[in-house]
Amino acid sequence: MADRNYFGEAAAAAAFSSAPVRVTGFLNSLTPKFYVALTGTSSLISGLIFIFEWWYFHKHGTSFIEQVSINHLRPLMGGTESSISEPGSPSNRECETSRQNLSECKVWRNPLNLFRGAEYRRYTWVTGKEPLTYYDMNLSAQDHQTFFTCDTDFLRPSDTVMQKAWRERNPPARIKAAYQALELNNDCATAYVLLAEEEATTIVDAERLFKQALKAGETIYKRSQQCQHQSPQHEAQLRRDTNVLVYIKRRLAMCARKLGRIREAVKIMRDLMKEFPPLTMLNIHENLLESLLELQAYADVQAVLAKYDDISLPKSAAICYTAALLKTRTVSDKFSPETASRRGLSTAEISAVEAIHRAVEFNPHVPKYLLEMKSLILPPEHILKRGDSEAVAYAFFHLQHWKRIEGALNLLQCTWEGTFRMIPYPLEKGHLFYPYPSCTETADRELLPTFHHVSVYPKKELPFFIHFTAGLCSSTAMIALLTHQFPEIMGVFAKAVSMISRTCIEYL
């Protein structure tokens with residue numbers, strides 16, 4: 001038995017001692033072509049991973065490998081987060097920050113949104129591209145149901161049909177339902193609204209349909225006013241009919257603005273703001289600001305700003321940049337960077353620069369569109385304040401007003417980047433406004449079409465895995481090239497590296 005154990009141990013020791021000999025023999029038998037193929041294949045694979053990571057980062061703003069590691073590999077490896085955290089712990093603070101960011105990223109109805117049939121659809125016919133995203137159109141459908149429906153719709157058959165029409169996803173089905181509602185009731189205002197928005201292919205046709213809607217809407221509104229105190233249902237019906245009437249008048253004002261009847265548009269907007277002051281959340285004043293700028297009625301613009309550029313009211317790019325434009329207008333025609341660097345800025349110039357910095361801090365995406373450093377697209381139906389979607393919407397309508405004032409864009413170009421020297425980085429706190437929210441990129445990607453390159457602020461650093469795969473691809477490609485050019489030297493080098501690695505493994 002002892003002899004048997006002895007011979008077994010000797011055989012195992014001999015096999016173990018012969019293993020390095022076999023490994024060395026295998027490495028000696030490898031030719032330089034093998035190393036070229038190995039490193040070339042590694043370079044190709046890492047290059048493909050690098051390209052995919054780069055594309056995924058630019059499309060989604062995050063690393064694919066990091067996402068897979070966090071969401072799938074970490075749970076498999078037993079990595080779990082503690083379910084209980086102290087009130088002051090970092091994880092708790094991060095949760096509070098994320099909740100704050102979500103509340104900041106509220107999506108608003110674009111006060112100057114275009115007409116679907118007369119403008120968005122015509123763009124699709126010409127370019128073959130869809131300017132509106134599904135998310136944006138879904139938000140509009142929710143708005144329409146909120147504004148144009150109420151609990152008493154079942155009392156009127158035409159309103160019941162329209163309630164279903166606003167929920168339809170297919171445009172032809174919505175248009176068909178609107179005609180069905182008109183067959184039941186020729187005075188169905190919301191049916192005319194839907195046809196004006198989606199079926200009319202020109203602004204003239206849309207205006208004609210909105211005028212029919214206005215006639216029907218005023219009749220229904222007066223009838224609802226007389227019955228508003230009879231029951232809570234009648235009060236809800238009055239609110240709905242008020243929303244319909246305000247919407248129709250506002251769109252008629254926008255039709256007049258687009259057809260060149262600007263003074264008529266201004267009058268309609270002013271009357272709306274006087275007649276329905278509680279509906280300030282519709283931001284009709286932004287439509288008024290744009291029309292007054294087209295008239296070059298800068299004193300009236302200043303009067304509107306004095307009322308709405310208030311610390312207690314929510315800001316917008318239209319308010320901040322219009323205020324900057326008015327102050328820029330007083331000094332831009334004589335402004336020269338060379339002269340300003342020699343003598344310093346005057347009081348008026350300092351005020352203009354501060355107004356520009358204030359506007360840029362509120363929305364840092366706007367200047368690149370105004371300076372035509374980025375191409376414009378049709379604005380979405382909803383915008384995210386301080387986001388790229390708001391910048392697109394503002395620049396689409398206001399670029400012409402900046403161009404009209406001599407030197408305004410020159411002053412903006414010379415001063416707008418100075419804003420970022422005043423804002424703390426990272427953005428723990430703002431300078432004049434709240435810290436810039438970190439959730440704007442995600443919301444803007446949902447609101448803006450895929451063919452638009454979304455502007456991101458602050459610029460994100462490239463993820464680690466993009467650097468890693470780029471370095472791996474470059475290094476393996478270089479090794480493959482050197483092995484192809486100098487096979488003997490690289491063969492000796494590879495054998496030396498393998499011997500050193502084997503020695504280290506044996507030592508461990």
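Predicted, not measured: the structure shown is a model, and the values here were computed from it.

(A) Region of interest: the overall build of the protein chain. Of the regular secondary structure elements, the protein chain holds 23 helices and 2 strands. When burial is assessed residue by residue, the protein chain has 44% of its 508 residues classed as buried. Considering only contacts within the protein chain whose residues lie at least 6 apart along the sequence, 71% involve residues at least 24 apart. Counting only carbon and sulfur atoms, one obtains 60% of the accessible surface of the protein chain, whose full area is about 28,400 Å².

(B) Focus on unusual backbone geometry. Positive phi outside glycine occurs at glutamate 372, with the angle close to 60°. Mapped onto the elements of the fold, glutamate 372 is located in the loop between helix H18 (366-370) and strand E2 (382-384).

(C) Just the packing of helix H6 (residues 134-148) against helix H11 (residues 232-258), in detail. With their axes 7 Å apart at the nearest point, H6 and H11 run at an angle of 120° to one another. The pairing of H6 with H11 is recorded here as oblique in orientation. In this structure, H6 uses His144, Phe147 and Phe148 to contact H11, whose residues at the interface are Arg240, Asn243, Val244 and Tyr247. The residue inventory of the contact of H6 with H11, partitioned by class, reads 4 nonpolar, 2 polar and 1 charged.

(D) View of empty space enclosed by the protein. Taken as a whole and assessed by the stated rule, the structure comprises 4 cavities of 30 Å³ or more. When its volume is computed, the largest cavity comes out at roughly 130 Å³. Every residue lining the largest cavity is counted, 16 residues in all, and those nearest its centre are Pro111, Glu286, Ala318, Ile383 and Glu390. For the lining of the largest cavity, the leading source of residues is helix H19 (residues 388-404), giving 5 residues. Of the residues assigned to the lining of the largest cavity, the class counts are 9 nonpolar, 4 polar and 3 charged. The computed volume of the second largest cavity comes to approximately 80 Å³. Arg156, Asp159, Ala189, Thr190, Gly217, Ile220, Arg240, Asp241, Val244 and Leu245 together form the lining of the second largest cavity. The element that contributes the greatest number of residues to the lining of the second largest cavity is H11, accounting for 4 residues. When the residues that make up the lining of the second largest cavity are grouped by side-chain class, the tally is 4 nonpolar, 2 polar and 4 charged.

Calculation criteria
- Residues numbered from 1 in each chain as written.
- Predicted model: local features only at pLDDT ≥ 70, side-chain atom pairs only at ≥ 80, totals over all residues.
- Heavy atoms only, no water.
- Helix = DSSP H or I, 4+ residues; strand = E, 2+ residues; numbered from the N terminus.
- Buried < 20%, exposed > 50% of the residue type's maximum accessible area, 1.4 Å probe, protein only.
- Contact = heavy atoms within 4.5 Å.
- Areas by Shrake-Rupley, 256 points an atom, 1.4 Å probe, with all protein chains shown as cover.
- Axes fitted to C-alpha atoms, helices over the stretch in contact; angles between N-to-C directions.
- Parallel < 35°, antiparallel > 145°, perpendicular 65-115°, else oblique.
- Nonpolar A, V, L, I, M, F, W, Y, C, P; charged D, E, K, R; others polar.
- 1 Å grid on protein atoms, 1.4 Å probe; cavity = no way out; pocket = protein on both sides within 12 Å on 5 of 7 lines; lining within 4 Å.
- Points joined across faces, edges and corners; volume = space filled by probe spheres on them.

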